[in-house]
Number of protein chains: 2
Amino acid sequence: MPADLSTVLLIERHRGTLDKALESVRTREYWSPHPEHPKAYPDAEEGRAAYEALLGHRFELDQPGTDGWAGDERSPYGPELGVEYPHPDPDVLLPAMRAAMPAWRDAGPEARAMVCLEIIARINARTHEFAQAVMHTTGQAFTMAFQAGGPHAQDRGVEAVAYAYVEQVRTPEAGEWIKPQGKRDPLRLRKTFTAVPRGIGLVIGCNTFPTWNGYPGLFASLATGNAVLVKPHPRAVLPLALTVSVARDVLAEAGFSPDLVCLAAEQPGEGLAKTLALRPEVRLIDYTGSTEFGDWLETNARQAQVYTEKAGVNTVVVDSTDDYRGMLSNLAFSLSLYSGQMCTTPQNLLIPRDGITTESGPRTYDEVVADLAAAVDGLLGDDTRANALLGALVNPAVKARLDAAPGIGEVALGSRAVTHPEFPQAVVRTPALVKLDGAKPDSEAAYMSECFGPVSFAVAVDSTADALELLRRTVREKGAMTVSGYTTSAEVERQLEEVCFEECAQLSLNLTGGVYVNQTAAFSDFHGSGGNPAANAALCDGAFVASRFRMVEVRRPA
Amino acid sequence: MPADLSTVLLIERHRGTLDKALESVRTREYWSPHPEHPKAYPDAEEGRAAYEALLGHRFELDQPGTDGWAGDERSPYGPELGVEYPHPDPDVLLPAMRAAMPAWRDAGPEARAMVCLEIIARINARTHEFAQAVMHTTGQAFTMAFQAGGPHAQDRGVEAVAYAYVEQVRTPEAGEWIKPQGKRDPLRLRKTFTAVPRGIGLVIGCNTFPTWNGYPGLFASLATGNAVLVKPHPRAVLPLALTVSVARDVLAEAGFSPDLVCLAAEQPGEGLAKTLALRPEVRLIDYTGSTEFGDWLETNARQAQVYTEKAGVNTVVVDSTDDYRGMLSNLAFSLSLYSGQMCTTPQNLLIPRDGITTESGPRTYDEVVADLAAAVDGLLGDDTRANALLGALVNPAVKARLDAAPGIGEVALGSRAVTHPEFPQAVVRTPALVKLDGAKPDSEAAYMSECFGPVSFAVAVDSTADALELLRRTVREKGAMTVSGYTTSAEVERQLEEVCFEECAQLSLNLTGGVYVNQTAAFSDFHGSGGNPAANAALCDGAFVASRFRMVEVRRPA
């Protein structure tokens, strides 16, 4: 039976997207194949209805080796989702996944890329449904769940497919090798080169960005010929179950085994990620989450290539600015977005205790902190806007950290509870800003560890030079997904760059408008550097894909 | 003071070589910038004299942090080298190396590539001197020491430089990002992208191929902006000390700190590699040697990316042939070259116990083994040719394994001592071939472990299908740098390919002429696959270079 989705058809549909993606990562110019505005997707109501139809039911995937059902997601906005997912018997499921791989390998890099892009296109068409699923598992506000969980995540998926494709076709499929031998006949060999997969890729999802953080590894592994087993965070299963479901449909329609992409939901307290991570069939692991488990994976899952994004401490160095209002409003937005529950949210704002210079004169440390607090207050004064920006706290641990903030230092900006009009059970909180003295040892314990959630520290430092030293130490010891700096001094700018070059951190300078340090754009920005303790990989570069396959050469006399 | 070697001058000299290398790895056609015939290098006597002038002296490198002198190399051909090398105090040397890195980083990928190619060109000009140094540390016969230690090693160095260069320039140095915002002004950012090094690269050299196995890691790390510390095998220091010396000269002439490349010689029994491998400054490690220490590095040097080439068990599947003589002479040569002391030498020849088909009729297992033994005898019957092919045993452990061979099974071909006319102390031995029954458990212990040196096993198997299963198990459990097969059956060929695809091993089919399974050519052949236990990296592919640097992005409002 011929496949419904022929490679020819898929190439016609998606080759242009692939080529444009390849061009974009070379130029780093702005490009996205996926509009980000919800209005570009007219089916808001259908999407919401499709999401609601999933609630309270079993999510059927027809995978081999299902030995039960698992799932007890509850929306950070209140409602129980009541969805159950297949729980795997790895001894049955993993061999079935392996068995699906040779045909996928034989399809070659281009056909694999096209199938991956078709999967992403189908996901894109259901963005409203995904947005609801992301919102009700992560607590993101709707617009963010839509954009970050939808088109931006899909962009990162396309980016990974593009990197995976180009890496595999750097070596030709075949070549003739003719070595001259002086007066004798030359030596002649015919050589073929085949990209072969490593095995099963395990994607261990996170609670806050199941699709955005999950897609790069999923599509990088799949596009390089591997099968992919998705183990979602138990509180954020649905967006990835939908993803797996779409992938399985497309694979089957294209004539491949759907078992190339499977879901592994876990029973409460089961620790399934640990079990799966140590299976010999699993040769690639993509993980986003705590440093503790990331380090455990890197240490113990030695049979696999392990790509981790872990905790970090993000710093803003405030030296001087020629747009004080712009700086304050930009920072206020960055601290507020998704209640600071982003791996890219600034945590430590390093401000000289003697103050900074601005276009309208000097401002003391106290003034800068008070002005920033006021900017946050102004941004979030209106409850509708606050709800639209903040979303809900994803879990009780985040709330506990927020509640503990006043015990850390002097509160410059207290957190405020916001009522959500539609979901009164949602825990919505504005961010807290705490003043710390960088020179005090008891402060150091606070600002030198990640306080994930809506708590930031305004750290008084002796000077900008002191701030740069503290930045260097923070990145080296704790890692950082982002570094931000405000300065009008070319010399300080150079010094900031030097610290970021030497400690390997991504730097945003003088952001005062509509671009925020928390956000990176696929095809142009790298997310993380892979070179400091916050992450051992960057999204997305050659290193993220190059080890997901190997080239096997066969040579014969020609 | 301007540098003697300007980047402009170096580009004029070497950019063409880089471009041709980049083209060659894309086409995989034959190419080498370095002639391999000794006669292409007219200074044989000067080279030998230069080598001899080094003997009995201290090898000065003018490195920081030298706290003593070390070295007690003795040629496998007999003579003591009597050369002493600087022994480092890592607490002084490593910080000096780190301090040299920012300027090297700032030079950018092209300037670094040019400096690396100048280093290789200078090494190439001294190939006769290097050949003597390689011969008298590895025991290789002169021609092999010249070719594998000279032009072929230099080729692998150029290949690594090319891969490193292209990986770094995949991302542009800068780009403008303009994101439309409907009716509002677009968002505009200026972005710069800088390839930043990981830290210090540690190259841990091996006894048998100090330059060939050392150059890829050395030049891949150096070309990506890292400093490189070379810790040679204590019995093969001189070829790498010469390399370090040339690199330091070129770096200084080009206006960089020579401390970007340093040598770390060790005192007897010091275990310096372990100490250096765990230093926080060391972020990259390239290692060739035993599985035991390779595994130790992978497990313990967690602060570093570790690239290892370890032990493996190489298999030849003999199913059928239409050129029986060609097969025998090709295999005889492969078993004899450098007394089987290559990581690529076949060890297990799997031959159906019912025999094979050839163009002149069937041959029984016993006949094939006897014919192969006769082919080796014929090849090595003349002592002059035997010496030219075999070289000397590199160390007493190899001789001990050879001496133990008759205890393993029935000897089909005994080893013979050959006298070297110039160096009577050299231990020169022809290879032994031992018959084993693949079905017997006590045989399995022998053929399922690496027996490095001139001992091969003719393993009787039930069938070709049985051979393929044993091949699969061997590669999966023990790893393999090479797999070789002889068959006239398209179906067996396909099955061999399938095993090699699934277990990730490089396959040579039906080699009967002047290409041998032990040899790979830079720019065309991959050495190892990186996907089975024999090695976690291949020479040379994107994965070998992509993690040696990271891209740091700086973005600012445009």
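Residues numbered from 1 in each chain as written. Chains lettered and ligands numbered in written order. Predicted model: local features only at pLDDT ≥ 70, side-chain atom pairs only at ≥ 80, totals over all residues. Heavy atoms only, no water.

In the nomenclature of an unreviewed UniProt entry, chain A is known as Phenylacetic acid degradation protein PaaN of Actinacidiphila acididurans.

A. Expanded view of the overall build of chain A. A tally of helices and strands in chain A yields 19 helices and 21 strands. Relative to the globule expectation of 24 Å for 558 residues, the C-alpha radius of gyration of chain A, 25 Å, shows essentially globular dimensions. Its C-alpha atoms give chain A principal-axis dimensions of about 80 × 70 × 45 Å. The 558 residues of chain A split such that 64% are buried. The long-range fraction of contacts in chain A, counting pairs at least 24 apart against all pairs at least 6 apart in sequence, stands at 75%. With an accessible surface of roughly 18,900 Å², chain A has 51% of that area assigned to carbon and sulfur atoms. (Helix = DSSP H or I, 4+ residues; strand = E, 2+ residues; numbered from the N terminus. Rg over C-alpha atoms; globule rule 2.2 N^0.38 Å. Buried < 20%, exposed > 50% of the residue type's maximum accessible area, 1.4 Å probe, protein only. Contact = heavy atoms within 4.5 Å. Areas by Shrake-Rupley, 256 points an atom, 1.4 Å probe, with all protein chains shown as cover.)

B. Layout of the sheet that holds strand β7 (residues 261-263) of chain B. All names here are of chain B. One open sheet accounts for five strands, arranged β7-β6-β5-β8-β9; its pairing is parallel. What marks the edges here is a single partner per strand, and that holds for β7 and β9 (305-309). Taken over all neighbouring pairs, the strand axes of this sheet differ in orientation by 15° on average, direction set aside. The pairing of strand β5 (residues 200-204) with strand β6 (residues 227-231) spans five bridges and is parallel. Within β6, the residue paired with Leu202 across the bridge is Leu229. (Pairing = 2+ DSSP bridges. Axes fitted to C-alpha atoms, helices over the stretch in contact; angles between N-to-C directions.)

C. Main features of the domain arrangement of chain A. Residues and elements named next belong to chain A. Split into domains, chain A comes out as domain 1 (7-22 + 44-172 + 199-310 + 538-546) and domain 2 (315-509). For domain 1 versus domain 2, the distance between C-alpha centres works out to 33 Å. Taken together, the contact pairs 19 residues of domain 1 with 20 residues of domain 2. Inspection of the region where domain 1 meets domain 2 yields one salt bridge. Residue Glu422 pairs with Arg48 through a salt bridge whose shortest N-O separation is 2.7 Å. Remark: the boundary between domain 1 and domain 2 carries four residue pairs in polar contact (both at pLDDT 80 or more). Looking at which element gives the most residues to the side of domain 1 that touches domain 2, the answer is helix α5 (residues 127-138), with four residues. (Domains from an automatic or database assignment. Salt bridge = Lys/Arg side-chain N within 4 Å of Asp/Glu carboxyl O. Polar contact = N/O pair within 3.5 Å; in protein donor to acceptor, adjacent residues only side chain to side chain.)

D. Quick look at the interface of chain A and chain B. On the chain B side, the residues contacting the 76 residues of chain A number 76 residues. Buried surface at the junction of chain A and chain B, summed over both partners, amounts to about 6,100 Å²; 48% is from carbon and sulfur atoms. In terms of surface lost to chain B, no three residues of chain A exceed A:Arg170, A:Phe501 and A:Arg555, which account for 13% of the buried area on that side. Ionic pairing is found between B:Arg556 and A:Glu493, a salt bridge with its closest N-O pair at 2.8 Å. (Buried area = accessible area lost by both parts, 1.4 Å probe.)

E. Structural view of the packing of aromatic side chains. Residues and elements named next belong to chain A. Scanning the entire structure with this criterion turns up 28 aromatic pairs over all chains. Ring centres of Tyr41 and Phe146 lie 5.3 Å apart, and the angle between their planes is 70°; this geometry places the pair in the edge-to-face category. One end of the pair, Tyr41, is in the loop between α1 (7-27) and α2 (44-54); the other, Phe146, is in helix α6 (residues 142-149), and 105 residues separate them in sequence. By relative accessible area, Tyr41 is classed as buried at 8%. On the basis of an interplanar angle of 35° and a centroid distance of 5.8 Å, the ring pair of Phe59 and Tyr85 is categorised as tilted. Within this pair, whereas Phe59 is found in the loop between α2 and β1 (66-70), its partner Tyr85 is found in strand β2 (residues 85-88), the two being separated by 26 residues in sequence. Of the two residues, Phe59 and Tyr85, both sit in the buried class. A cation sits over an aromatic face here: Arg28 above Phe526, 4.3 Å from the ring centre. The ring of Tyr307 has Arg548 lying over it, and the distance from NZ or CZ to the ring centre is 4.1 Å. (Phe/Tyr/Trp six-rings, centres within 6.5 Å; stacked < 30°, edge-to-face > 60°. Lys NZ or Arg CZ within 6 Å of the ring centre and 35° of its normal.)

F. Inspection of the state of the cysteines at higher detail. Counted under the stated rule, the structure contains zero disulfides over all chains. Left unpaired, A:Cys262 is separated from the closest cysteine sulfur, that of A:Cys116, by 15 Å. According to the relative accessible area criterion, A:Cys262 is buried, its value standing at 0%. Here B:Cys500 stays free of any disulfide, with the sulfur of B:Cys504 as its closest cysteine sulfur at 9.5 Å. (Disulfide = S-S within 2.5 Å.)

G. Expanded view of the relation of the copies chain A and chain B. Take chain A, turn it by 180°, move it 0.0 Å along the axis, and it overlays chain B with an RMSD of 0.0 Å. The superposition operator between the copies reduces to a two-fold rotation axis. When C-alpha distances to the rotation axis are compared across chain A, the minimum falls at A:Ala543, with a value of 3.3 Å. A shared interface surface links the copies, since 100% of the contact residues of chain A are contact residues in chain B too. (Least-squares fit on C-alpha atoms with pLDDT ≥ 70 in both.)

H. Molecular detail of the side chain of B:Arg429. Residues and elements named next belong to chain B. Turning to its location among the elements, Arg429 is positioned in strand β16 (residues 428-429). Asp403 provides the closest opposite charge to the buried, unpaired Arg429, separated from it by 5.3 Å. Once residues within four sequence positions are removed from consideration, Arg429 is found in contact with Ser339, Leu390, Leu393, Lys399, Leu402, Ser415, Arg416 and Ala417. (Lys, Arg positive; Asp, Glu negative; His and termini not counted.)

I. Quick look at the sheet that holds strand β10 (residues 315-318) of chain A. Read across the sheet, ten strands follow the order β14(A)-β17(A)-β18(A)-β11(A)-β10(A)-β19(A)-β20(A)-β21(B)-β4(B)-β3(B) without closing on themselves; strand pairing throughout is mixed. Edge positions in the sheet fall to β14 (410-413) of chain A together with β3 (174-181) of chain B, since each of these pairs with one other strand and no more. Strand-to-strand twist in this sheet, taken as the mean axis angle between neighbours without regard to direction, amounts to 25°. Sheet analysis places β10(A) next to strand β19 (residues 483-486) of chain A, joined by four bridges and oriented parallel. Note that in β19(A) the partner of A:Val318 across the bridge is A:Tyr486. Strands β10, β19 and β20 (507-509) of chain A together with β4 (184-197) and β21 (549-557) of chain B of the sheet are contacted by helix α18 (residues 490-503) of chain A, whose axis makes an angle of about 150° with β21(B).

J. Quick peek at the UniProt feature "domain: Aldehyde dehydrogenase" (unreviewed entry) in chain A. With numbering aligned to this structure, UniProt lists the feature "domain: Aldehyde dehydrogenase" (unreviewed entry) at residues 94-471 of chain A. Summarising residues 94-471 of chain A: 45% helix, 22% strand, and an end-to-end C-alpha distance of 44 Å. (UniProt positions renumbered as here; feature names shortened; annotations may be inferred.)

K. Quick look at helix α11 (residues 291-300) of chain A. Residues and elements named next belong to chain A. Residues of α11 that are buried: Phe293, Gly294, Leu297 and Glu298. Buried positions in α11, seen along its axis, are confined to an arc of 140° and lie on one side of it. Buried residues along α11 sit against β5 (200-204), α10 (272-277), β8 (282-288) and β9 (305-309). (Arc of directions from axis to C-beta.)

L. Representation of unusual backbone geometry within the structure. The omega torsion of the bond from A:Leu539 to A:Cys540 falls at -5°, within 30 degrees of zero and hence cis. By the element assignment, A:Cys540 lies in the loop between β20 and α19 (542-546). Of note in the backbone geometry, A:Tyr338 takes a positive phi value of approximately 50° without being a glycine. In this fold, A:Tyr338 is placed in the loop between α12 (324-336) and β11 (348-352). In this structure A:Tyr338 comes out as buried when scored by relative accessible area, which is 0%. One non-glycine residue, B:Cys504, lies in positive phi territory at about 65°. For B:Cys504, the location among the structural elements is in the loop between α18 (490-503) and β20 (507-509).

M. The environment of A:Glu367, seen in detail. Residues and elements named next belong to chain A. Along the chain, the position of Glu367 falls in helix α13 (residues 365-380). Judged by its relative accessible area of 31%, Glu367 falls in the partly exposed class. Along the backbone, Glu367 and Leu218 are 149 residues apart, and their C-alpha atoms lie at a distance of 47 Å. In contact with Glu367, other than residues within four places in its own chain, are Tyr324 and Pro362.

N. Quick peek at helix α14 (residues 383-390) of chain B. All names here are of chain B. Of the positions making up α14, those classed as buried are Ala386, Asn387, Leu389 and Leu390. Where the residues of α14 are buried, they touch α12 (324-336), α13 (365-380), β15 (417-418) and β16. Backbone geometry just downstream of α14 places Gly391 in the positive-phi region, at approximately 65°.

O. Broad picture of the packing of helix α4 (residues 101-125) of chain B against helix α7 (residues 151-168) of chain B. Residue and element names in this part refer to chain B. Where α4 contacts α7, the axes come no closer than 10 Å and their chain directions differ by 175°. Relative to α7, α4 is oriented roughly antiparallel. Contact residues: Pro109, Glu110, Arg112, Ala113, Cys116, Leu117, Ile120, Ile123 and Asn124 in α4; Gln154, Gly157, Val158, Val161, Tyr165 and Gln168 in α7. (Parallel < 35°, antiparallel > 145°, perpendicular 65-115°, else oblique.)

P. Here's a closer look at the environment of A:Tyr85. Residues and elements named next belong to chain A. When its relative accessible area of 0% is taken as the criterion, Tyr85 is described as buried. When the C-alpha positions of Tyr85 and Asp72 are compared, they lie 9.5 Å apart, and in sequence the two are 13 residues distant. In this view, Tyr85 contacts Phe59, Gly68, Trp69, Ala70, Gly71, Glu73, Val237, Leu238, Ala241, Leu263 and Ala265; residues no more than four positions away in its chain are not counted. A polar atom in the side chain of Tyr85 sits 3.4 Å from the backbone nitrogen of Leu238.

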